[in-house]
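These are the residues of each chain, in order.
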Amino acid sequence: NALAVAKRTGARVYITAHDVMMVQYGKRMERPAGSHPDYPVTWLQNLRQAGFRYNPLRNYLIRRYLRHVTLIFAVSHALKDFLEMNGLSNIETVYNGLDMSVETQQAADEGFLNRLGLIGKKVLFLGGRISHAKGVYASIDAIVGIKNKISDVVLFFAGVSDDEKKKIEAYAEKLGVKDLIKVAGWLSKEEMINAYAASNLVLVPSLYLDPFPN
């Protein structure tokens, strides 16, 4: 309703969509092979995902209030396509802003590499709020085959909670690749610059429609 109130002042009203929740409860996990964009959300899918929180008028009311919006910004073309396929319109893609003045490092700090056990390794890096949906376990599955071709490879995860760390280590141990997994908690901005500099390859293996990565 704040959108309607803002519109009555005569202002232009803009809203940014960072996820699919204008049309769906939570993340969009189902993705049919070979199709782009993702297929439309059905009421049954929303019911299954929302459970007792399901409101059959939810999406109708969201669309009604979005009529007060001058323009919707989506942070990726994939998200824009998905929202349009599910009945929304008047959308433009505007990517998340990045500070281009930040200098990139050609090499990571040796102390950083030593602390995380990355010296002399081929580093595959996944950073973010690490979870199953972000593809962390799919990455561990992949390293099982990769290690046979690249002997000095390691998977480096940053942004891992203590609870998730235990799950990751247990899963890696089950597959016999625990020694190839390096795990860090939330990194500072300076540490993230080092993490990217240390990486041979950066992974974005999300299992859901993930429009947010920069």
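Residues numbered from 1 in each chain as written. Predicted model: local features only at pLDDT ≥ 70, side-chain atom pairs only at ≥ 80, totals over all residues. Heavy atoms only, no water.

## Here's the deal with the confidence of the model for the chain
Part 1 of the argument: Summing up the model confidence of the chain, the mean pLDDT is 90 and the portion of residues at 70 or higher is 95%.
Part 2 of the argument: Highest mean pLDDT in the chain belongs to strand E2 (residues 71-74) (97); lowest belongs to helix H8 (residues 189-198) (90). (pLDDT = per-residue confidence, 0-100. Helix = DSSP H or I, 4+ residues; strand = E, 2+ residues; numbered from the N terminus.)

## Quick word on the sheet that holds strand E7 (residues 201-202)
Part 1 of the argument: Taken in spatial order, the 4 strands of this open sheet run E6-E5-E4-E7, and their pairing is parallel. Strand pairing shows two members of the sheet lacking a second neighbour, strand E6 (181-184) and E7, which therefore form its edges.
Part 2 of the argument: As paired strands, strand E4 (residues 122-127) and strand E5 (residues 153-158) are joined by 6 bridges and run parallel to one another. Bridged to Gly127 within E5 is Ala158.
Part 3 of the argument: Across the sheet, H8 is in contact with E4, E5 and E7; its angle to E4 comes to roughly 140 degrees. (Pairing = 2+ DSSP bridges. Contact = heavy atoms within 4.5 Å. Axes fitted to C-alpha atoms, helices over the stretch in contact; angles between N-to-C directions.)

## Let's talk about the packing of helix H6 (residues 136-146) against helix H7 (residues 162-174)
Part 1 of the argument: The interhelical angle for the contact between H6 and H7, taken along N-to-C directions, is 25 degrees, at an axis separation of 10 Å. Of the possible angle classes, the one that applies to H6 and H7 is roughly parallel. Note on packing geometry: the crossing formed by H6 with H7 is right-handed. Together, Val136, Tyr137, Ile140 and Asp141 of H6 and Glu164, Lys167, Ile168, Tyr171 and Ala172 of H7 make up the contact between the two elements.
Part 2 of the argument: Of the residues contributing to the contact of H6 with H7, the split by class is 6 nonpolar, no polar and 3 charged. (Parallel < 35°, antiparallel > 145°, perpendicular 65-115°, else oblique. Left-handed = near helix turned anticlockwise from the far one by under 90°. Nonpolar A, V, L, I, M, F, W, Y, C, P; charged D, E, K, R; others polar.)

## Regarding the packing of aromatic side chains
Two aromatic rings, taken as a pair, are described by how far apart their centres are and by the angle between their planes.
Part 1 of the argument: Taken as a whole and judged by the stated rule, the model has 6 aromatic pairs.
Part 2 of the argument: Ring geometry for Phe112 against Phe156: centres 6.4 Å apart, planes inclined by 65 degrees, an arrangement best described as edge-to-face. Residue Phe112 is located in helix H5 (residues 110-116), and its partner Phe156 is located in strand E5; the two are separated by 44 residues in the primary sequence. The burial state of Phe112 is the same as that of Phe156; both residues are buried.
Part 3 of the argument: Measuring from ring centre to ring centre gives 5.0 Å for Phe125 and Phe156, while their planes differ by 35 degrees; the resulting arrangement is tilted. A residue pair is termed long-range when its members are at least 10 positions apart, and Phe125 in strand E4 and Phe156 in strand E5 qualify at 31 residues.
Part 4 of the argument: Judged by relative accessible area, which is 0%, Phe125 ranks as buried.
Part 5 of the argument: Over the aromatic face of Tyr208 sits the side chain of Lys27, whose NZ or CZ is 5.3 Å from the ring centroid.
Part 6 of the argument: Lying over the aromatic face of Tyr25, Arg58 brings its terminal NZ or CZ to 4.4 Å of the ring centre. (Phe/Tyr/Trp six-rings, centres within 6.5 Å; stacked < 30°, edge-to-face > 60°. Buried < 20%, exposed > 50% of the residue type's maximum accessible area, 1.4 Å probe, protein only. Lys NZ or Arg CZ within 6 Å of the ring centre and 35° of its normal.)

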